[in-house]
Amino acid sequence: MAADHTHSAPSAPPRVRRILVVTVVPLFVATVLAAVLLWPRGGSPQTDGGADVPRYPGTVTRVVSEPCPPVPSAPEGTPRVGDGRCGTVDVRVDDGPTAGQQVRTPVPDGPGAPRVEVGDEVILVELADPTDPTTSNWNIAEHQRGTPMVWLAVIFAAAIVAFGRWRGLAALAGLAASFAILLTFVLPGISAGRSPLLVAVVGAALIMFVVLYLTHGVTAQTSVAVLGTLGSLVLTGVLATIATAATHLTGFGSEDATTLSMFQGDVDLHGLLLAGIIIGSLGVLDDVTVTQAATVTELANANPGLTRLQLYRAATRVGRAHIASTVNTIVLAYAGASLPLLLLLTADARPIGQILTSEFLAQEIVRSAVATLGLIAAVPLTTGLAAVVTAAGRTAATASTGAPASRPQPDRSEALAALISPRTAGSDEPDQTRTAPPPEATERWPQSNRSTDTAW
C-alpha cells in the first residue's frame, strides 16, 4: 500500500462513525452472503488432463555428452539441425519407491529443455515403454525450484517486516488472505461453472474488506478507502462488460485460454476475461484509494482551516500526480506480461491496423484502458468521500466542544520576519531588534488560493 503513516489519524466523531458503520456493514454482510451462495460445493469438477505421471526428486551425479547422430531421413553425414544435445545423464533418485537407485536418462533436448550439470536437483518422470509395459524409461522434466523459492520468500517477508514493522506484518497477513480467497473461492468457483464476472466481483470485494481493514486498521479513513474501492470496482466491471462487448472479444486471446478450453470446455472464457480485469484492477485501486483518503486526512490535520472544497482540490492535485505515474505502471505491467505475444506480432507481415485490432492485442488494449478508466474514477470518488467525512467530523467536533474548527492563522508579515531575522546564538528569547520584512518580500508571499501545480 502506498499510504502509510507513523501516527494514527484522530478518531472520527460518533455521528460520523455511525454513518460509516451503517454504510459499510451492510455492504460487508452482502459480500459475505454472496460468497456463501457462490461458494463451490462438492469439489472441483474433474478435467481430462491426461494420466498422472509419477514425478520423483533426484540429484544429477554424472553427465556424458556425445555428438548427435545424423538425422535418419537426411543423407549420410548431414549434421543434426539446431543446437541439439545428446548423451546420457546419471541421476540418483532421492524419494519414492526407488529412492537411492541410480537411473540413466537422456540429456534433455528440445525447446525449453533444462540444461543440467553435476549436483543439480531435478524432477524425474517415469514413463512406461509402449512396446513393453513391464519396462520403463526415465526422463528429466525440470529443475527443483523449492529451495531457492523458499529463500526468496523468506527474504521478501523479512524485508517487508523490517521496513514496515507491525504494518508490514499486517500486510503479509493481508497477502496470505488474498491468496487464500483466490485459491479457495475465486478459482474453484469459476471451475465449478459459476459466472466468472460475478465470482470475481464478490471475491475482489471480499479481498478488499479483509486486506484494507487488516492492513490499515478499522478507522474512518480506511472505511472511506473501502467505499471508494468498491465503487470503482463496480464501475470497472461495467466498463469492462461494455468494452468487451463493443470490441467483440471472445476470451480466446491467449494460448492459455485455448488450452483451458480443451481441458475444461464449460468455462466461460469471455467471463474469465472480465474476471481477470476485475482482479487485476483491485491491487492498483486500493493503492490509489488508500492514498487519497490518507492525503485528505493529513491535509485536514495540517490545516484545519481548509474547507471541504479546498480539501478536495488540494487532494485531487496529489491524485493527478499519482494517476499520471500509475497509468504508465499499468500499461508497462501488461506489456511485460505479454512480451512473447508482442514479439510474435512484430514479426507479423500484416498492416499495423490489422495487428492492433486482432483478438490477441485488442484484448490487452481493452484490459489496460478499462483498468485505467476505473483508476481515474477512483480519485474523485474517494477524494470527495474523504472530504465530506473529514469536514463532517470537524463540524461535529466543533459542535460538541464549542471550540472553533480552525486554529488562528498567524500574521504573514510576522511569520516572514521570524524566518529572515537573525537570532542571537545560545539565546532562547525572541530577538527584540527584529525588523519588519521589506514590502517587496511580503508582496512575494504565495497566495493561499494559488495552485501548487507546476506549469507545463
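Residues numbered from 1 in each chain as written. Predicted model: local features only at pLDDT ≥ 70, side-chain atom pairs only at ≥ 80, totals over all residues. Heavy atoms only, no water.

All right, on to the pattern of salt bridges then. According to the stated counting rule, one finds six salt bridges in the structure shown. Here Arg55 ties to Glu142 by a salt bridge, and the two come within 2.6 Å at their closest N and O atoms. One end of the pair, Arg55, is in strand β1 (residues 55–66); the other, Glu142, is in strand β5 (residues 132–143), with 87 residues separating them in the sequence. Assessed through its relative accessible area of 45%, Arg55 is described here as partly exposed. (Salt bridge = Lys/Arg side-chain N within 4 Å of Asp/Glu carboxyl O. Helix = DSSP H or I, 4+ residues; strand = E, 2+ residues; numbered from the N terminus. Buried < 20%, exposed > 50% of the residue type's maximum accessible area, 1.4 Å probe, protein only.)

Its identity as a non-glycine residue notwithstanding, Arg165 has a phi of 55°, on the positive side. By secondary structure assignment, the location of Arg165 is in helix α2 (residues 146–191). Accessibility expressed as a relative area gives 64% for Arg165, which makes it exposed. At His248, a position not held by glycine, the phi torsion is positive, near 55°. One can find His248 in the loop between α4 (220–246) and α5 (255–263). What makes His248 exposed here is its relative accessible area of 65%.

Once that is clear, we can look at the environment of Leu169. Following the sequence through the fold, Leu169 ends up in helix α2. Look at Leu169 and you get partly exposed, because its relative accessible area is 42%. Separated by eleven residues in sequence, Leu169 and Ala158 have C-alpha atoms that sit 9.3 Å apart.

Moving on: a nonpolar patch on the surface. On the surface, Val21, Val25, Phe28, Val29 and Leu33 cluster together into a nonpolar patch covering about 420 Å² of accessible area. Secondary-structure assignment places Val25 in helix α1 (residues 14–38). (Patch = residues over 30% accessible without salt bridge, like charges linked within 9 Å, V, L, I, M, F, W, Y side chains within 5 Å. Areas by Shrake-Rupley, 256 points an atom, 1.4 Å probe, with all protein chains shown as cover.)

A few words on the packing of helix α3 (residues 196–216) against α4. For the pair α3 and α4, interaxial distance at closest approach is 10 Å and the crossing angle is 160°. Regarding the angle of α3 to α4, the classification is roughly antiparallel. Classified by chirality, the crossing of α4 by α3 is right-handed. Of α4, the residues touching α3 (which contributes Leu197, Ala204, Ala205, Met208, Phe209, Leu212, Tyr213 and His216) are Thr222, Ser223, Ala225, Val226, Thr229, Leu230, Leu233 and Thr241. Broken down by class, the residue content of the contact of α3 with α4 amounts to eleven nonpolar, five polar and no charged. (Axes fitted to C-alpha atoms, helices over the stretch in contact; angles between N-to-C directions. Parallel < 35°, antiparallel > 145°, perpendicular 65-115°, else oblique. Left-handed = near helix turned anticlockwise from the far one by under 90°. Contact = heavy atoms within 4.5 Å. Nonpolar A, V, L, I, M, F, W, Y, C, P; charged D, E, K, R; others polar.)

What follows is about the state of the cysteines. In protein structure, a disulfide is the covalent linkage between the sulfur atoms of two cysteines. Evaluation of the coordinates by the stated rule reveals one disulfide. Each disulfide pairs two cysteine sulfurs, and for Cys68 the partner residue is Cys86, the sulfurs being separated by 2.1 Å. Because the sign of the S-S torsion sets the handedness, a value of about 110° for the bond joining Cys68 and Cys86 places this disulfide among the right-handed ones. In this pair, Cys68 sits in the loop between β1 and β2 (86–93) while Cys86 sits in strand β2, placing the two residues 18 residues apart along the sequence. Overall, Cys86 belongs to the buried group, its relative accessible area being 14%. (Disulfide = S-S within 2.5 Å.)

Glancing now at the pairing of strand β3 (residues 102–106). Along β3, the buried face is formed by Val103 and Thr105; none of Gln102, Arg104 and Pro106, which line the opposite face, is buried. Pairing of β2 with β3 involves five bridges; the strand directions are antiparallel. Of the residues in β3, the one forming a bridge with Asp90 is Arg104. (Pairing = 2+ DSSP bridges.)

In short, geometric facts, not functional conclusions.
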